[in-house]
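# Structural features, examined
The chain contents come next:
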Amino acid sequence: MAANAAPFVILNPPKFGAACNGCGRCCQDILCPVAIAVFGSVSAPCPGLEFRNDRYWCSLIGLASEEYRAFLMFRMGIGRGCDSCFAEDFPDD
Ligand code: SF4
Ligand code: SF4
């Protein structure tokens, strides 16, 4: 976990497809392809997740060079809204 990561703070995710609010639930539940390439077979939460200014951020973005950053953001889905679904999104039948 990043040095400045806080003990996990619970923030509610938005609806699927809505703007990301930095709740961090996705990266607490599973590692993205970039995280697997960087950290290997570690368990979630992702070691790259950090809590700052009342929301979660991916610390790897800030470490990447400017030309590589756009590629990372594409692979992570950053800027395309929330792409995560959680158990509460699927009410019991
Ligand atoms: S993409 Fe991740 S951090 Fe952003 S709102 Fe969805 S679950 Fe939260
Ligand atoms: S987006 Fe960043 S914090 Fe989230 S799983 Fe990927 S590498 Fe980890």
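Look up: the structure comes first, before these words.
The rules behind these values
- Residues numbered from 1 in each chain as written.
- Chains lettered and ligands numbered in written order.
- Predicted model: local features only at pLDDT ≥ 70, side-chain atom pairs only at ≥ 80, totals over all residues.
- Near = placed C-beta within 6 Å.
- Nonpolar A, V, L, I, M, F, W, Y, C, P; charged D, E, K, R; others polar.
- Helix = DSSP H or I, 4+ residues; strand = E, 2+ residues; numbered from the N terminus.
- Buried ≥ 20, exposed ≤ 12 C-beta atoms within 10 Å, placed from the backbone.
- Pairing = 2+ DSSP bridges.

Neighbouring residues of ligand 1: 13 residues in total, closest Cys20, Cys23, Cys26, Cys82 and Ser84. Grouping the constituent residues of the shell around ligand 1 by class yields seven nonpolar, four polar and two charged.

Backbone geometry follows two general trends: most residues other than glycine have a negative phi, and most peptide bonds adopt the trans configuration. At the junction of Ala44 and Pro45, the peptide bond is cis and its omega measures out at 10 degrees in the coordinates. Its place among the elements puts Pro45 in the loop between helix H2 (33-39) and strand S1 (49-52). The backbone of Asn53 sits at a positive phi, close to 55 degrees, despite the residue not being glycine. Relative to the assigned elements, Asn53 resides in the loop between S1 and strand S2 (55-58). On the basis of neighbour count, Asn53 is assigned to the exposed category, with 7 C-beta atoms found within 10 Å. You will see that Asp54, though not glycine, has its phi angle at about 70 degrees, which is positive. Along the chain, Asp54 falls in the loop between S1 and S2. For Asp54, a count of 8 C-beta atoms within 10 Å puts it in the exposed group.

The sheet contact formed by S1 and S2 spans four bridges and is antiparallel. Paired with Phe51 across the bridge in S2 is Tyr56. Counting the residues between successive antiparallel strands, the hairpin from S1 to S2 contains two residues, one of them, Asn53, with a positive phi of roughly 55 degrees.

So, about the site of ligand 2. The immediate surroundings of ligand 2 are formed by Cys27, Leu31, Cys32, Val34, Ala35, Cys46, Gly48, Leu49, Cys58, Leu60 and Met76. For the shell around ligand 2, the class distribution of residues is 10 nonpolar, one polar and no charged.

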